[in-house]
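Here are the chains, one letter per residue:
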Amino acid sequence: MIAKLVYRFLSRAFKTEEDQRLARILLTLIIAYWLASLIMLVMDQVWGDKSLTPFLIVGATLQFVPIFLLRKGKLVASGFANTTIYLVLTTYFATIGQGIHDYVIIVYPIIIMMAGLTGYRRGLVSSTIIVLAAVSWLIFGEINGWIDPVITSPRWPDLIAAGLLILVGSLAVYLLISNLEYGLAQTWHELAERKQMELILRESEENLKEIFENSPDNIFVFDVCKDGRFKIRKINIALERIFNASRSAIEGKYLDEVLDKTSAELIAENFRQCVKTKAPLNYEEHAELPDRFYSTSLIPILDETGTATRLIGISRDITKRKQAEESLQNVNQQLSLKLLEIEQLHNELREQSIRDPLTGLFNRRVLQDMFEGEFSRARRENCPLSVIMLDMDDLKTINDTYGHQVGDLAIQRLTKQMQAMIRKEDVACRYAGDEFIVLLNNTEPLDAQKRVQEWREALVGQAVDAGNRGQFTVQFTAGIASFPIHGQSMKEIVDNADVALYRAKAEGRNCTNIFA
């Protein structure tokens, strides 16, 4: 129970184990002093003349001063206060009439040992000097008659007091030896830990050396010189093979002494960047001779001022990976080209499926879809949509007279002129051999008729050359029907435009008729 209270008392004031141990020693000495003082007080009351009672009470009471300092965590101050109390009381007791007795001589070494235990070297030196001064005072005092010892023969209390002092001294010596043993044990423990650490470090160094020497990667160490050059400090076996020279012939030389000027400058540029940033640097580099690629990592070693004084690097051959990447890139490029060709072919096939090969106009297959879209928009926006049914005049006669090749030229002449004069939002389709349909968005019937007349007039000055058989002008006949005037459905509009076309043909061809 008492031990737990002492532990709680000390653990709150002292955090380290060493301070707690010294505080326990000092507290033990204080308790021993109290016990010795209690025994001497009883003896003085029973066998003595009660002259020691005030002295013992004052000494025991003053011991609360070092205890108070211990409670505040002031270990050295507490030890100094304790030893000071012992010195003052002992010297005062001897001065007032007891003289230099044996127990006085015993107390002074005890005080010195206590000071050494709690105050270390400083306490030991200071207490020794004070004790020497006190002893000198007592000796000179007795020689010169300043101190008149009243005790000339030993008494039982004196013998018992001397015995108690011997016991306290023995306790102090025991604590001192325990302290030395503890310090020695701590020293041996620290030495064992250091030896174990040295062993671990040695094994770690051997492992690192094994990795350094036998690694397939190129490992190197460079010193950063003040003139901006880089000196080779150490290289591994892999770099020996690359340089095709022994390490003794390479280590200690500058980078520009073992490489050509261009290669050395390229490598030094990366080295300088790492030194400047004082941070690890990763990069890829290419060696022309032999044709190899390397992935390099640099780590700067800084001194106490933060200056990079050394560079450690690892360079791994990534030539096979680069070759694989290049092959993969070539395959991807070829695949992209093939995909582009397929896409172009797809677009061509799509165009061929929706366009007439001779004229380039949309064919009849897509007319229905396009017509539905334009008709829905015209109905939604409530705007007119004119449909022109156009028929080329005398195509059969042209084919019979000039040949089908010239007939195809005549069709191309008509459709080319028509495509050049319609708007982007208009739609032109080849409906049959010599029949065409044109959808004019947002166009009234009369405006559509004007547009058709413009096409006709443009064709007048563009004769088709039939070679030795002469020339002729392309002519056409057209019929027009418009939404919503001439019908409310697509079929109705187309049928009415066809009716208008036949009426125009009946009127003599090369003219335009609006459905009515």
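Residues numbered from 1 in each chain as written. Predicted model: local features only at pLDDT ≥ 70, side-chain atom pairs only at ≥ 80, totals over all residues. Heavy atoms only, no water.

(A) Highlighting the overall build of the protein chain. Across its full length, the protein chain carries 17 helices and twelve strands. Counting every position in the protein chain, which comprises 516 residues, the buried fraction comes to 40%. Pairs at least 24 apart in sequence give 60% of the contacts found in the protein chain among residues at least 6 apart. With the model as given, the accessible surface of the protein chain reaches about 30,900 Å², and the carbon-plus-sulfur share is 58%. (Helix = DSSP H or I, 4+ residues; strand = E, 2+ residues; numbered from the N terminus. Buried < 20%, exposed > 50% of the residue type's maximum accessible area, 1.4 Å probe, protein only. Contact = heavy atoms within 4.5 Å. Areas by Shrake-Rupley, 256 points an atom, 1.4 Å probe, with all protein chains shown as cover.)

(B) Broad picture of the nonpolar core. One finds I388, W455 and F472 to be the most contacted residues of the largest nonpolar core, which totals 28 residues. Beyond its immediate chain neighbours, meaning those up to four positions away, F472 contacts I398, Y402, V406, A410, A463, V464 and A466. I354, L367, L439 and M490 belong to the second largest nonpolar core, which has 24 residues in total. (Core = buried A, V, L, I, M, F, W, Y, C linked by side-chain atoms within 4.5 Å.)

(C) Representation of a nonpolar patch on the surface in the model. Nonpolar side chains collect at one region of the surface, where L38, V42, V46 and W47 lie side by side and expose about 450 Å² of accessible area between them. Along the chain, the position of W47 falls in the loop between α2 (17-46) and α3 (53-62). (Patch = residues over 30% accessible without salt bridge, like charges linked within 9 Å, V, L, I, M, F, W, Y side chains within 5 Å. Salt bridge = Lys/Arg side-chain N within 4 Å of Asp/Glu carboxyl O.)

(D) Representation of the sheet that holds strand β3 (residues 281-287) in the model. Within the open sheet, the five strands sit side by side as β2-β1-β5-β4-β3. Their pairing is antiparallel. What marks the edges here is a single partner per strand, and that holds for β2 (230-235) and β3. Strand-to-strand, the axes of this sheet are offset by a mean angle of 30°, without reference to chain direction. As defined by bridge partners, β3 adjoins strand β4 (residues 292-302) across seven bridges and the pair is classed as antiparallel. The residue bridging L281 from the neighbouring strand is L298, located in β4. (Pairing = 2+ DSSP bridges. Axes fitted to C-alpha atoms, helices over the stretch in contact; angles between N-to-C directions.)

(E) Quick look at the packing of α3 against helix α4 (residues 64-71). Where α3 contacts α4, the two axes come as close as 5 Å, and the packing angle between them is 5°. Taken as axis vectors, α3 and α4 run roughly parallel relative to one another. Residues A60, T61 and L62 of α3 form the contact with α4, whose own contacting residues are F64, V65 and P66. In terms of residue class, the contact of α3 with α4 is built from five nonpolar, one polar and no charged. (Parallel < 35°, antiparallel > 145°, perpendicular 65-115°, else oblique. Nonpolar A, V, L, I, M, F, W, Y, C, P; charged D, E, K, R; others polar.)

(F) Fine view of the pattern of salt bridges. The tally for this structure, following the rule as stated, stands at 22 salt bridges. Residue R229 pairs with D256 through a salt bridge whose shortest N-O separation is 3.0 Å. Pair noted here: R229 is in the loop between β1 (218-224) and β2 and D256 is in helix α10 (residues 255-258), with a separation of 27 residues, a long-range link. For R229, a relative accessible area of 28% corresponds to the partly exposed category.

(G) Region of the structure containing the packing of aromatic side chains. What the rule picks out here adds up to eight aromatic pairs. What links up through ring pairs into an aromatic cluster is the set F220, F222, F230 and F271. The ring of Y254 is capped by R229, whose NZ or CZ atom sits 3.8 Å from the centre of that ring. Here the guanidinium or amino end of R355 rests over the ring plane of F362, the centre of that ring lying 4.1 Å away. (Phe/Tyr/Trp six-rings, centres within 6.5 Å; stacked < 30°, edge-to-face > 60°. Lys NZ or Arg CZ within 6 Å of the ring centre and 35° of its normal.)

(H) Layout of the sheet that holds strand β12 (residues 512-514). Taken in spatial order, the five strands of this open sheet run β7-β8-β6-β11-β12, and their pairing is mixed. Two strands lie at the open edges of the sheet, namely β7 (427-430) and β12, each paired on one side alone. Geometrically, the sheet is characterised by an average inter-axis angle of 20° between neighbouring strands, direction not taken into account. Here three bridges tie strand β11 (residues 476-483) to β12, and the two strands are oriented parallel to one another.

(I) Focus on helix α11 (residues 261-277). The end-to-end C-alpha distance of α11, which contains 17 residues, comes to 24 Å, matching closely the 24 Å that a straight helix rising 1.5 Å per residue would cover. Tucked into the core, α11 has its buried residues touching β1, β2, α10, β3, β4 and β5 (308-317). Two residues or fewer past α11, K278 is found with a positive phi of approximately 55°. (Expected span 1.5 Å × (residues − 1).)

(J) Layout of the environment of L385. Within the fold, L385 resides in strand β6 (residues 385-392). For L385, a relative accessible area of 2% corresponds to the buried category. In this structure the C-alpha to C-alpha distance between L385 and S482, which are 97 residues apart in sequence, comes to 5.5 Å. Not counting residues up to four positions away in its chain, the partners in contact with L385 are F371, E374, F375, A378, L439, L440, N441, T443, A481, S482 and F483.

(K) View of the side chain of T443. Mapping T443 onto the fold places it in the loop between β8 (435-441) and α16 (445-460). A polar contact of 3.0 Å, which involves the side chain of T443, links it to the side chain of R423. Leave out the neighbours within four places in its chain, and T443 touches P384, L385, S386, R423, A448 and S482. (Polar contact = N/O pair within 3.5 Å; in protein donor to acceptor, adjacent residues only side chain to side chain.)

(L) Main features of the environment of G407. Relative to the helices and strands, G407 is located in helix α15 (residues 404-421). Placed eleven residues apart in sequence, G407 and K396 show a C-alpha to C-alpha distance of 8.3 Å. With sequence-adjacent residues up to four places away left out, G407 is seen in contact with L395, I398 and N399.

(M) Summary view of the pairing of β11. With eight of its eight residues buried, β11 lies for the most part within the structure. With burial as the criterion, each face of β11 is covered, one bearing F476, A478, I480 and S482 and the other bearing T477, G479, A481 and F483. Here eight bridges tie β6 to β11, and the two strands are oriented antiparallel to one another. When the bridges of β11 are listed, I388 appears paired with I480. In the classification by handedness, the crossover that spans β11, the intervening helix α17 (residues 490-506) and the parallel β12 is left-handed. (Right-handed = clockwise from strand over helix to strand, strands pointing away.)

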